[in-house]
Structure formats: structure tokens, C-alpha cells
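If you want the building blocks of each chain, they are given just below.
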Amino acid sequence: MSKNGSGLHIVFTGAPGCGKGTQARALKEKVDICHLSTGEMLRAEAAKGTPLGSEISALIDGGNLVPDEMIIKMLSSRIEEDDCKNGFILDGFPRTLPQATVLDELLEQKGIKLDAVIEIQVPDEIIMERILGRYACMTCGEGYHDKFHKPKVYGVCDKCGGTNFYRRIDDNRTTVQNRLVNYRALTYPTIPFFEKKGVLCCVDGTGTIEATSKKVNVILGITQ
Ligand code: AMP
């Protein structure tokens, strides 16, 4: 496995529903480093019901990005925490060129080079079907899908036995369409940015979770 500075530093990027979160969680099981999902951090803040939380909810539910200043402040203080000492897997950050530039500067200051920015490529028609069918266990967060990944026993989480599930409010057709528009306009320009830096790796994410994981592991030289 390629390593530098103080551990492994990976970014998962790609359109909404491409499998960034799923692949980040799968990788975390193999390499015990911090998994940072900015979407999860924002949802946790939104759930507090504070004025800031309500502002964040409105943006997420409409399929819009939260402002760069807010997310950069949140992420840059988070990566200073102890559990990021051995590296991190970024899932959903950076999502704009200003975020990518700040990440690049922050890492440069620390003498860290990104090991890989992994773009998971999935066409829009598949994305819509994936997002509209997905749901998760309320207790442990394990992800499921109406068609592609049902629990072994109906209504019971395979992982923790939980029986309550939820769907994200932003996983509806209108919001997903807006998320895709924002992806192309704001996030896609980060791809050539990372390509120029020589850290971009693209994987086809249209297969099963396991098939995509295998491709990610090959890129990172993970054999176990
Ligand atoms: P995700 O869980 O990654 O799909 O993110 C859910 C939502 O959180 C996105 O649609 C955005 O509204 C917001 N979000 C997550 N990460 C970022 C980011 N890096 N910059 C701006 N907004 C973000």
C-alpha cells in the first residue's frame, strides 16, 4: 500500500449515488483510518435543530451545496483531530474547486501528499435508480436497496438486527436532478484539478459493491 507522511490519505469523489460512502466504509474496514463524510457531519448538525441546522437542512433538502466557507471551516478543524493522525478517507469533500484548493494547501502545509483521488464513474440513469431505492438502518447505518440489496430477513438489519429504517429526504427525483446539475457545474471541475496533480484514479462503479471494492483495492495496492 502506498503511504506517505503520517498514513494513507484518500478522497472518494463522483456524482451523488455513485457509491462514495459505501466504498469509503468498505475501505475503512480494511485500513483502520478515519472516514470523514461531510454529508454525515452536516446531517448531524442539521439534526440539532439550531438556526444553523435549519439553514443546512434547507440546502441539503433542495439538493444545493452548503457554502464553501462553512464546509472548509468544519473540515479543516476536523482533520486536526487525533483520530486523523494516521490518515483519512474523505467522502463528499472536496465538492468545489475552492474546497479542492484549500485541501491541497492544508495538506501541503502538513507535508502530506494525497495517495489517491478515486473517481467512481456511474451514468446518470443508474444513479437515479440507485438513489431512489436506497435506505439505511436507523441503528447502525447499514445501507440497503429495494431492488439490489435487501436485508436477508424482511425488515431486519443483517448487521445489527435493528428493525427501523430511514430514507434520506434529499433522495427524491427532483432533488437528485438538482444534485446532478450541481455536481456537473461545481464538483466536476475538481476532476481535472486532481488529474493535473497526478493523483486521479477512475473506477467503473456500475458493477456490484464487491466488484468496485476490488478495483479500489487494486489501485491502493491492498491485497488482504
Ligand atoms: P452526501 O451525504 O455526500 O450525499 O451529501 C449530502 C448533502 O450535503 C449534499 O447534497 C450537500 O448539500 C451537502 N454537502 C456534503 N458535502 C458537501 C461539501 N463538501 N460541500 C458542500 N455541500 C456538501
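Just above, that's the structure.
Draft legend 1. Examining the overall build of the protein more closely. Across its full length, the protein carries nine helices and eight strands. Its C-alpha radius of gyration of 17 Å places the protein within 12% of the 17 Å reference for a compact globule of 224 residues. Across the protein, contacts joining residues at least 24 apart in sequence account for 70% of those joining residues at least 6 apart. Accessible surface, the protein: about 11,500 Å² in total, of which carbon and sulfur atoms supply 55%. The positive charge centre, built from 28 side chains, and the negative charge centre, built from 29, are 4 Å apart in the protein.

Draft legend 2. Spatial organisation of the nonpolar core. Within the largest apolar cluster, 54 residues are counted, with the highest numbers of intra-cluster contacts made by Phe-12, Leu-36 and Ile-118. Excluding residues that lie within four positions of it along the chain, Ile-118 makes contacts with Ile-10, Val-11, Phe-12, Thr-13, Cys-201, Val-203, Val-216, Ile-219 and Leu-220.

Draft legend 3. Expanded view of the site of the ligand. Taken together, 15 residues lie around the ligand, and Thr-38, Arg-43, Asn-64, Gly-92 and Arg-95 are the ones closest in. Take Thr-38: an N or O atom from its side chain is 2.8 Å from a nitrogen atom of the ligand. Taking Val-66, its main chain carries an N or O atom lying 3.1 Å from a nitrogen atom of the ligand. In isolation the ligand offers 480 Å² of accessible surface; the protein chains occlude 95% of this area. Sorting elements by how many residues they give to the shell around the ligand places helix H2 (residues 38–47) first, with four residues. Considering only residue class, the shell around the ligand consists of six nonpolar, five polar and four charged.

Draft legend 4. Region of interest: the pairing of strand E3 (residues 87–91). Burial within E3 is extensive, with five of its five residues counted as buried. Residues Gly-87, Ile-89 and Asp-91 of E3 are buried on one face, and the alternating residues Phe-88 and Leu-90, pointing to the opposite face, are buried as well. Pairing of strand E1 (residues 8–13) with E3 involves five bridges; the strand directions are parallel. Following the sheet pairing, Phe-12 is matched in E3 by Asp-91. Where strand E2 (residues 34–37) and E3 come together, four bridges link them in parallel fashion. Bridged to Cys-34 within E3 is Phe-88.

Draft legend 5. Molecular detail of the sheet that holds E3. Reading across from one edge, E2-E3-E1-E4-E8 is the order of the five strands in this open sheet, with parallel pairing throughout. Edge positions in the sheet fall to E2 and strand E8 (200–204), since each has one partner strand and no second. Between one strand axis and the next, the sheet turns through 20° on average, direction left out of account. For E1 and strand E4 (residues 116–121), the ladder comprises four bridges, and the chain directions are parallel. For Val-11, the partnering residue across the bridge sits in E4 and is Val-117. The strands touched by H2 within the sheet are E2 and E3, with E2 carrying the most contacts at an inclination of about 65°.

Draft legend 6. Spotlight on the side chain of Arg-78. Here Arg-78 is to be found in helix H4 (residues 68–78). Arg-78 gets classed as buried once you look at its relative accessible area, which sits at 18%. A distance of 2.7 Å separates polar atoms of two side chains, one belonging to Arg-78 and the other to Asp-83.

Draft legend 7. Representation of the packing of aromatic side chains. What the rule picks out here adds up to five aromatic pairs. Consider the rings of Tyr-135 and Phe-165, whose centres lie 5.6 Å apart with planes at 75°: the pair is edge-to-face. On the criterion of sequence distance, the pair formed by Tyr-135 in strand E5 (residues 134–137) and Phe-165 in strand E7 (residues 165–166) is long-range, its members being 30 residues apart. Taking the relative accessible area as the measure of exposure, Phe-165 reaches 24% and is therefore partly exposed. Seen in terms of ring centroids, Phe-193 and Phe-194 are 5.1 Å apart; in terms of plane orientation they differ by 85°. Their pairing is edge-to-face. Accessibility assignment for this pair places Phe-193 and Phe-194 in one class, buried. These aromatic residues form a ring-pair network of at least three members: Tyr-135, Tyr-144 and Phe-165.

The rules behind the values
- Residues numbered from 1 in each chain as written.
- Predicted model: local features only at pLDDT ≥ 70, side-chain atom pairs only at ≥ 80, totals over all residues.
- Heavy atoms only, no water.
- Helix = DSSP H or I, 4+ residues; strand = E, 2+ residues; numbered from the N terminus.
- Rg over C-alpha atoms; globule rule 2.2 N^0.38 Å.
- Contact = heavy atoms within 4.5 Å.
- Areas by Shrake-Rupley, 256 points an atom, 1.4 Å probe, with all protein chains shown as cover.
- Lys, Arg positive; Asp, Glu negative; His and termini not counted.
- Charge placed at Lys NZ, Arg CZ, Asp CG, Glu CD.
- Core = buried A, V, L, I, M, F, W, Y, C linked by side-chain atoms within 4.5 Å.
- Buried < 20%, exposed > 50% of the residue type's maximum accessible area, 1.4 Å probe, protein only.
- Near = heavy atom within 4 Å.
- Polar contact = N/O pair within 3.5 Å; in protein donor to acceptor, adjacent residues only side chain to side chain.
- Nonpolar A, V, L, I, M, F, W, Y, C, P; charged D, E, K, R; others polar.
- Pairing = 2+ DSSP bridges.
- Axes fitted to C-alpha atoms, helices over the stretch in contact; angles between N-to-C directions.
- Phe/Tyr/Trp six-rings, centres within 6.5 Å; stacked < 30°, edge-to-face > 60°.

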